[in-house]
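# Chain and residue survey
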Amino acid sequence: MSSQDPDGGNSVEERPKWNNKAEYLLTCIGFAVGLGNVWRFPYLCQIYGGGAFLIPYLIALVFQGLPLLYLELAIGQRLRTGSIGVWTSISPYLGGLGIASLVVSFCVSLFYNTIVAWVLWYLFNSFQEPLPWSQCPLKINNTGYEEECVKSTAVNYFWYRQTLNITPTIETSGSLQWWLVVCLATAWCIVYICFIRGIETIGKAVYVTATFPYLVLTIFLVQALTLPGATDGLIHLFTPKWEILMNPQVWLDAATQIFFSLSLAFGGLISFSSYNQQKNDCERDAIVVGVINSATSIYASIPIFAILGFKAHTNLITCLNGNILALTNAFEISDMNITTENYDQWFDYLNKTHTEKVFNLNLKTCNMQDFLQQSASGTGLAFIVFTEAVISMPASQVWAVLFFIMLFSLGLSSMFGNLEGVLTPIHDLKLVPNWIPRELFTAIICTISFLVALIFTMGSGNYWLEIFNGYVGSVPLLIIAFFEIIAVVYIYGIRRFSDDLEFMTGRRPNIFWKVCWLVISPLMLFVVLVAYVSVQAQTHPNYPAWNPNYEKFPDTEMIPYPDGAFAVCVLLSSIPVMPIPIVAIYRLICRLSGKRSTSNPKLPNPYDNKGYVVNS
Amino acid sequence: MACGVLPVSSGCATTHSFASAPWATNGVAKMQNGLPVLAQNLCHPDSANGYKVRISIKTALSDKAYEWNENEMYFFQASLAFAMRTYHLTKPYNVNNIIVCNETQRVSFWFVVTSPDNHTELISKAEVEEAVRKSRHRINSAFLLTDKTLEFIDINPTLVPPAVPDTPPWLIVFGVVIGAVFAGIIALLVSAVLQKRKKAKDRMEDEQAEEDIHVNGLENGIGLDGAYNRGFPDDDRFTKL
């Protein structure tokens, strides 16, 4: 008789798999290498003593980053499900861990794609001559320039007023800014088109999004080194100040930077490696991804700081020229007699002979070191500092377009991992009815995310985004990672895990990995978690508000969070990790009250007699 | 020819002498001018009806900078007279109606404008300002300078609003990008639907073909009449001797 399945064809859908190893590696690298590598690491390097910062950074990479990375890739590959499935397989009490990862991934993808939307807005505006952030707009009646712009700078004005249209406090919500809504919709559409066919389309997209940033960084590197002031910036960045290593804050920031930079505990890496075949050397993959991520950070900081050095140099020249003009006009000196080269001699001479008159001119002190220290991280670096530097470069449109396409690729490839951490677990849990095709389900998730993320397009959106960034994307991840490593090493068992690794890679993990997993990494994670929380808890959190009516404008006003926003901060830190205890308690209650779940394979069914095969 | 007190005829040019500072090659210095006394009284720094002019030739033109001398000053006076004529269309202003004093090496100087009817009467500050504003662009062009390098202190240049195109350029770029993305989405979705249909059709055809072979005796697609009798195997090809 025919041994065919009665309903014809395959009843079990095959798990999708990567076309080739390169796509998998590029996707993981793209997920790990994100905006933080470009705009957070160089800043940390600069404020924490330049070259000296590399020491805590590399120590954290070797003892904390790589072991956790190897662990996540290994369990995903072995258990072949997304984050919820993996933790439920290890122990049903740990299902909450996967749900926590899912919630965090969802929240992070909300605000991360908003940042991508801002990058798109700047990218669309870079195709103009002159660049819109290079000059102040005129007032309505053409009598002068906009006051807010004149008091701060054109670049600040474009970011705070023409892009964000920011409100003075977080309580005033303002309205939805339609141009940001449009850019946000574009960002979600682009994410959707890359996700349509799952890893099939993602795998194609990462060939571009993961490699393009390196190309742009190299172009910027070559160009930046030809600019004046570049070497000053690089020397300032890399000069090591060894005494800064005494400060524990440096070690804390190095550990958190490595942790967040590698995108651990999101569940995205587990999902990506679950599409691999089981016999794959995940140890080598982990080392490759980790090392490339850190190398990218270091490589990115070179052109960034060369360009910041150029910007400091430009600011210095502008400052000097302002002083020169004031002196030339006040003392009726022939035009262009005082130049930047002989400025000091002229100044000394005039100061000695006409001290009071020079004093009344209120000349600014122009010091290169002051300008070099004015750096920023995060959106401030990309949208304020860098855009200002780009204006002074020749052919500024080209550089602006290149820079923002690079940021867009970095953000998009990280979004793949973020959203994958949401889609794969839901799909694996079979929560989605079969009649909804995968494309429709992805579209529904993208639409919901877009609608929720509209809060970030309001006037106060930037303040809310900073809250999300600071509270969802930090403590919950540390907690999840801590429980992950405890779960695998102590609940799953290091011996069983080593057996799995031998099955997958062909060799048992060596003593270094074992020591890290058993002792060093959990300890480091715990210390970092405790230190981070205690540092946060010491001060009542406040936020920098852009208030044109502030008396010290254009400095930002530091306002403490109102109670409503503070409650949101606490909720955002605690709700994602709630599932961990809740699910564990729920399962405990189920077990104690004697209810058996129907799909429990451990208990034998007394009516299942394998000796008697029913044949029709 | 002696330059008398009044009137200052066109044949009598005002003379300037450039004194240089003893301690530097281009030091701070004040200019002497050989103006008639009355003219000097009319023109002085901080005059109620006068304006200060500041010229920065080297800043504007760097290598192609020309030297400021008496001829350039004469040109300036002529262009101001032109500006006054353009403003007061009826009154015939002359070069000698523009009186200049306090020239420095910066280059900066003060000027006042006298009325062509009465050489002692000064044209008011407001009228001079209007005249200069009206012809500012012509004066700038005459000297190859700009509003910033040819400054009339207290006459602010009118700001030219930047050209605003009808559709903001960013909307155009956005339109292109979103159009491409939507086209891609539709293409991928349609191809996914077509692929599923093709797979379903193929599967159905396979099933149909197998069913036909087993039930209807449809072998190689050729229909045989009658029912296939399994009891009589067609194994001629094996038993040939």
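In this text, all values refer to a predicted model and were calculated from it rather than measured experimentally.

### Here's the deal with the overall build of chain B
Summing up its helical and strand segments, chain B has six helices and six strands in all. For chain B, the sequential pattern of α-helices and β-strands runs β-β-α-β-α-α-β-β-α-α-β-α. Counting every position in chain B, which comprises 241 residues, the buried fraction comes to 32%.

### Some details on the overall build of chain A
A count of helical and extended segments in chain A gives 26 helices and two strands. Taking 616 residues into account, the globule formula puts the C-alpha radius of gyration at 25 Å, and chain A, at 28 Å, falls close to it. In terms of overall dimensions, chain A has a C-alpha envelope of 115 × 55 × 45 Å along the principal axes. Out of the 616 residues belonging to chain A, those deemed buried represent 56%. Taking as baseline every contact in chain A between residues at least 6 positions apart, the subset at least 24 positions apart corresponds to 81%. Only carbon and sulfur atoms are counted for the fraction: they give 63% of the accessible area of chain A, which is about 27,100 Å². With 32 positive and 39 negative side-chain charges, chain A shows a separation of 14 Å between the mean positions of the two kinds.

### Quick look at the nonpolar core
Core analysis: the biggest nonpolar cluster contains 195 residues, and A:W87, A:F404, A:L407 and A:W517 have the highest contact counts within it. Looking at this core, the element that brings in the most residues is helix α6 (residues 95-125) of chain A, giving 19 residues.

### Quick look at the state of the cysteines
All names here are of chain A. Inspection of every chain in the model, using the stated rule, returns two disulfides over all chains. The residue that forms a disulfide with C136 is C149, at a sulfur-sulfur distance of 1.9 Å. Measuring the twist about the S-S bond at about -85 degrees, one finds the C136-C149 disulfide to be left-handed. Residue C136 is found in the loop between α6 and α7 (147-151), and its partner C149 is found in helix α7; the two are separated by 13 residues along the sequence. Judged on exposure class, the residue C136 and its partner C149 are both buried. Here C319 pairs with C366 through a disulfide, and the sulfurs are 1.8 Å apart. Here the disulfide of C319 and C366 is left-handed, its torsion about the S-S bond being about -80 degrees.

### Describing the side chain of A:Q257
Residue and element names in this part refer to chain A. Secondary-structure assignment places Q257 in helix α13 (residues 248-261). Note on Q257: relative accessible area 7%, which makes it buried. Aside from chain neighbours lying at most four places away, what touches Q257 is G36, R40, F41, L44 and Y57.

### Remarks on the interface of chain B and chain A
Contacts between chain B and chain A engage 34 residues on the former and 37 residues on the latter. If you sort the residues of chain B by the area they bury against chain A, B:R106, B:L159 and B:W170 come out on top, with a joint share of 24%. Counting across the interface, chain B meets chain A through three salt bridges. Ionic pairing is found between B:R106 and A:D335, a salt bridge with its closest N-O pair at 3.9 Å. At the junction of chain B and chain A, the tally comes to 12 residue pairs in polar contact (both at pLDDT 80 or more).

### Points about the environment of A:D335
Looking at the secondary structure, you find A:D335 in the loop between α15 (282-331) and α16 (343-353). We classify A:D335 as buried; its relative accessible area is 8%. With 54 residues separating them in the primary sequence, A:D335 and A:A389 have C-alpha atoms 28 Å apart. Not counting residues up to four positions away in its chain, the partners in contact with A:D335 are B:S56, B:I57, B:K58, B:T59, B:Q105 and B:R106. Here B:T59 takes part through its side chain, which lies 2.9 Å from a polar atom of the side chain of A:D335.

### A word on the sheet that holds strand β6 (residues 150-152) of chain B
Residues and elements named next belong to chain B. Overall, antiparallel pairing links the four strands, which are arranged β4-β5-β3-β6 in an open sheet. At either end of the open sheet lies a strand with only one pairing partner, and these are β4 (98-101) and β6. Neighbouring strand axes in the sheet, compared pairwise and without regard to direction, differ in orientation by 30 degrees on average. Strand direction decides the pairing type here: strand β3 (residues 51-55) and β6, joined by three bridges, are antiparallel. Note on β6: the bridge partner recorded for V53 is F152. Here helix α4 (residues 125-134) sits on the sheet in contact with β3, β5 (108-113) and β6, set at roughly 35 degrees to β3.

### Focus on the pattern of salt bridges
All names here are of chain A. Enumeration over the complete set of coordinates arrives at 17 salt bridges over all chains. A salt bridge links D500 to R78, with the nearest nitrogen and oxygen atoms 2.9 Å apart. In this pair, D500 sits in helix α23 (residues 475-505) while R78 sits in helix α4 (residues 54-79), placing the two residues 422 residues apart along the sequence. Judged by its relative accessible area of 25%, R78 falls in the partly exposed class. Several salt bridges share partner residues, and in doing so they unite D281, E283 and R507 into one network.

### Examining the side chain of B:S56
Here B:S56 is to be found in the loop between β3 and α2 (57-61). A polar side-chain atom of B:S56 sits 3.3 Å from a polar atom in the side chain of B:R106. Among residues more than four places away in sequence, those in contact with B:S56 are A:D335, B:R106, B:L145 and B:T149.

### A word on a nonpolar patch on the surface
Residue and element names in this part refer to chain A. Among the surface-exposed residues, I55, I59, W242 and W251 lie close enough to one another that they form a single nonpolar patch of about 380 Å² accessible area. With respect to the helices, strands and loops of the structure, W251 is situated in helix α13. Overall, the relative accessible area of 36% leaves W251 in the partly exposed class.

### Some remarks on the confidence of the model for chain B
Residues and elements named next belong to chain B. Chain-level statistics for chain B give a pLDDT mean of 76 and a share of 73% at 70 or above. Across chain B, helix α3 (residues 70-87) holds the top mean pLDDT of 90, while strand β1 (residues 16-17) sits lowest at 37. Note on the complex model: pTM 0.83, ipTM 0.80.

### Considering α6(A)
Helix length check: α6(A) (31 residues) gives 46 Å between terminal C-alpha atoms against 45 Å at 1.5 Å per residue, within 8%. Of all 31 residues in α6(A), 28 are buried, a share of seventy percent or more.

Calculation rules
- Residues numbered from 1 in each chain as written.
- Chains lettered and ligands numbered in written order.
- Predicted model: local features only at pLDDT ≥ 70, side-chain atom pairs only at ≥ 80, totals over all residues.
- Heavy atoms only, no water.
- Helix = DSSP H or I, 4+ residues; strand = E, 2+ residues; numbered from the N terminus.
- Buried < 20%, exposed > 50% of the residue type's maximum accessible area, 1.4 Å probe, protein only.
- Rg over C-alpha atoms; globule rule 2.2 N^0.38 Å.
- Contact = heavy atoms within 4.5 Å.
- Areas by Shrake-Rupley, 256 points an atom, 1.4 Å probe, with all protein chains shown as cover.
- Lys, Arg positive; Asp, Glu negative; His and termini not counted.
- Charge placed at Lys NZ, Arg CZ, Asp CG, Glu CD.
- Core = buried A, V, L, I, M, F, W, Y, C linked by side-chain atoms within 4.5 Å.
- Disulfide = S-S within 2.5 Å.
- Buried area = accessible area lost by both parts, 1.4 Å probe.
- Salt bridge = Lys/Arg side-chain N within 4 Å of Asp/Glu carboxyl O.
- Polar contact = N/O pair within 3.5 Å; in protein donor to acceptor, adjacent residues only side chain to side chain.
- Pairing = 2+ DSSP bridges.
- Axes fitted to C-alpha atoms, helices over the stretch in contact; angles between N-to-C directions.
- Patch = residues over 30% accessible without salt bridge, like charges linked within 9 Å, V, L, I, M, F, W, Y side chains within 5 Å.
- pLDDT = per-residue confidence, 0-100.
- Expected span 1.5 Å × (residues − 1).

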